[in-house]
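# Reading the structure
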Amino acid sequence: MNARVDNCGYARQRAFCAALFLAALAQSACADEMPLPERRSGYDFMSRETRAMQDDDSANPGMLWVLDGEALWNTRAGAAERACADCHGDARAGMKGVAARYPAFDAARLRPINLEQRINFCRSERQRAAPFAFESKDLLALAAFVALQSRGLPIAVEIDERSRPFLQAGREAFGRRQGQLNLSCALCHDDNWDKRLAGNAITQAHPTGYPLYRLEWQGLGSLARRLRNCLAGTRTLGYAYGDAELVNLELFLMWRARGMQVDAPAVRP
Amino acid sequence: MARALINVPAAARRGDVIEIKALIAHEMETGFRRTQLGVLVPRDIITQFLCTYNGAEIFRAEFHPAIAANPFVAFSTIATESGAIVFKWTGDNGFSATESVAISVA
């Protein structure tokens, strides 16, 4: 009987300690985060020429995808014979600020989904058409067209009780050492963003302009593609397009960049 | 047809130097790359860009495999008269694209 009482007390004490420890951990995680005014978008790290390319819509190759996306927006597709515009109307009004809120929690799937997934779910459920392949020209074009409508608006992903665990998972992934080189995202993008890696600026990893035109890719790409690039650089395997882990990381990065201006479709070196 | 973005001032004064910018969507496949199975990807590039101002040639460029995808060309000319500035890209596999913009010169 005594032993049981002791055990109970011990368990309670242990739970209390654990709670204290978690609270301390949460606090330290917040304290480690970059103060909001000190954050810099990838744009700030670019050369004058690359900035000029992004700033001029007739020189920004991302706008070629936007033109394609606008055409797709108004094209009927699938068994439902419906275009995006038939439900959402003029994207300039209806899609304003939408990209700045993604990844967003999807109540039907009980997890956050990114903009490309949202477009594809809309496509398969409302248009009843075959979803686009990840990184396909059409999917990127629609995403770029939708993202353009949020240009200049602050990133504002919504975090509530349902999405908080996913944000936390993304935060942990950001800080977790992984891959053959045993590196975490934070080692570069929190601790060494003011330095260079093989001649290139490391940057703070704020995804303000996705999908963006990367000169290295000679094409448009999504944030997931960029993350997979980075992961391949640290020799980490196992993240496929659309993976929940990747979306969690996207969610954390967008939350980390909250309040920064969307500049999609951006140009990066 | 391939998508293109043209930037020409809509109006100019006679004798003004105007800047013309032309961007076109194209893969510009070099012909030097191989697939993962080692098969050579055939060359597919734009080979010529031609710009005419009311029928008169004002700019011409030959493109080669080292030109990046989605080639962007910027150049300047003197506004002489109102009319049309026509851009024409031609390339491998019968590629051809034409764009025309109007300019009014006072």
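A brief report on the enclosed structure follows. Predicted, not measured: the structure shown is a model, and the values here were computed from it. Sequence positions are assigned chain by chain, starting from 1 and proceeding in written order. Whichever chain is written first is A, and whichever ligand is written first is 1; the rest continue in order. Local features in this predicted model are restricted to residues whose pLDDT is 70 or higher, and side-chain atom pairs enter the listing and the counts only when it is 80 or higher, whereas totals over whole chains, interfaces and linings include all residues.

This next bit is on helix H6 (residues 115-125) of chain A. Buried residues of H6 of chain A: Leu115, Glu116, Gln117, Ile119, Asn120 and Arg123 of chain A, and no others. In this structure, the buried residues of H6 of chain A make contact with strand E2 (111-113) and helix H7 (137-148) of chain A. To sort residues by burial, count the other C-beta atoms lying within 10 Å of each one's C-beta; a count of 20 or more means buried, 12 or fewer means exposed, and anything in between means partly exposed. C-beta atoms are built from the backbone. Helical segments are the DSSP runs of H or I of at least four residues, strand segments are the runs of E of at least two, and each set is numbered from the N terminus. Think of it this way: build a C-beta for each residue from its backbone, and any pair within 7 Å is a contact.

On to the sheet that holds strand E8 (residues 96-105) of chain B. Residue and element names in this part refer to chain B. Pairing is mixed in the open sheet, where 5 strands are placed in the order E2-E8-E7-E4-E5. Edge positions in the sheet fall to strand E2 (11-12) and strand E5 (56-62), since each has one partner strand and no second. For strand E4 (residues 46-53) and E5, the ladder comprises 6 bridges, and the chain directions are antiparallel. Opposite threonine 52, over in E5, you have glutamate 57 as the bridge partner. Pairing between two strands is assigned when DSSP locates at least 2 bridges connecting them.

We now examine the nonpolar core. Inside soluble globular proteins, nonpolar side chains tend to come together where they are buried. All names here are of chain A. Put simply, a nonpolar core is a cluster of buried Ala, Val, Leu, Ile, Met, Phe, Trp, Tyr and Cys residues tied together by C-beta atoms within 7 Å. Residues Ala143, Ala144, Ala147 and Ala264 are the most contacted members of the largest nonpolar core, which totals 66 residues. Domain start and stop positions are those given by an automatic or database domain assignment. For this core, the domains that each give at least three residues are domain 2 (40-54 + 157-268) and domain 3 (61-148). Leave out the neighbours within four places in its chain, and alanine 147 touches Ala99, Leu115, Tyr210, Pro211, Val262, Ala264 and Pro265.

Here we take up the pairing of strand E7 (residues 83-91) of chain B. All names here are of chain B. Here E4 pairs with E7 via 7 bridges, running antiparallel. Across the sheet, residue leucine 50 finds its bridge partner in E7, namely lysine 88. Relative to E8, E7 runs antiparallel, the two being bridged by 8 bridges. In the strand pairing of E8, tryptophan 89 is matched with alanine 97. The turn linking E7 back onto E8 is made up of 4 residues, and asparagine 93 within it adopts a positive phi angle of 55 degrees.

Attention shifts here to the environment of histidine 26 of chain B. Residue and element names in this part refer to chain B. Within the secondary structure, histidine 26 is located in the loop between strand E3 (17-24) and E4. For histidine 26, a count of 24 C-beta atoms within 10 Å corresponds to the buried category. Measuring from C-alpha to C-alpha, the distance between histidine 26 and asparagine 70 comes to 4.8 Å, with 44 residues separating the pair along the chain. When residues no more than four places from it in sequence are discounted, the contact partners of histidine 26 are Ala2, Ile46, Ala69, Asn70 and Pro71.

Relative to the helices and strands, alanine 25 of chain B resides in the loop between E3 and E4. For alanine 25 of chain B, a count of 21 C-beta atoms within 10 Å corresponds to the buried category. Placed 58 residues apart in sequence, alanine 25 of chain B and glycine 83 of chain B show a C-alpha to C-alpha distance of 25 Å. Once residues within four sequence positions are removed from consideration, alanine 25 of chain B is found in contact with Leu64 of chain A together with Ala2, Arg3 and Asn70 of chain B.

Moving on, we come to the sheet that holds E3 of chain B. Residues and elements named next belong to chain B. Spatially, E1-E3-E6 is the arrangement adopted by the 3 strands of the open sheet, whose pairing is antiparallel. Two strands bound the open sheet, and with one partner strand each, they are strand E1 (4-7) and strand E6 (72-78). Taken pair by pair, the neighbouring strands of this sheet meet at an average axis angle of 15 degrees, ignoring direction. The pairing of E3 with E6 spans 7 bridges and is classified as antiparallel. Note that in E6 the partner of leucine 23 across the bridge is phenylalanine 72. Convention adopted: a line fitted to C-alpha atoms gives each axis, helices being fitted over their contacting stretch, and angles between N-to-C directions are expressed from 0 to 180 degrees.

Shape is all these values report; function is a separate question.
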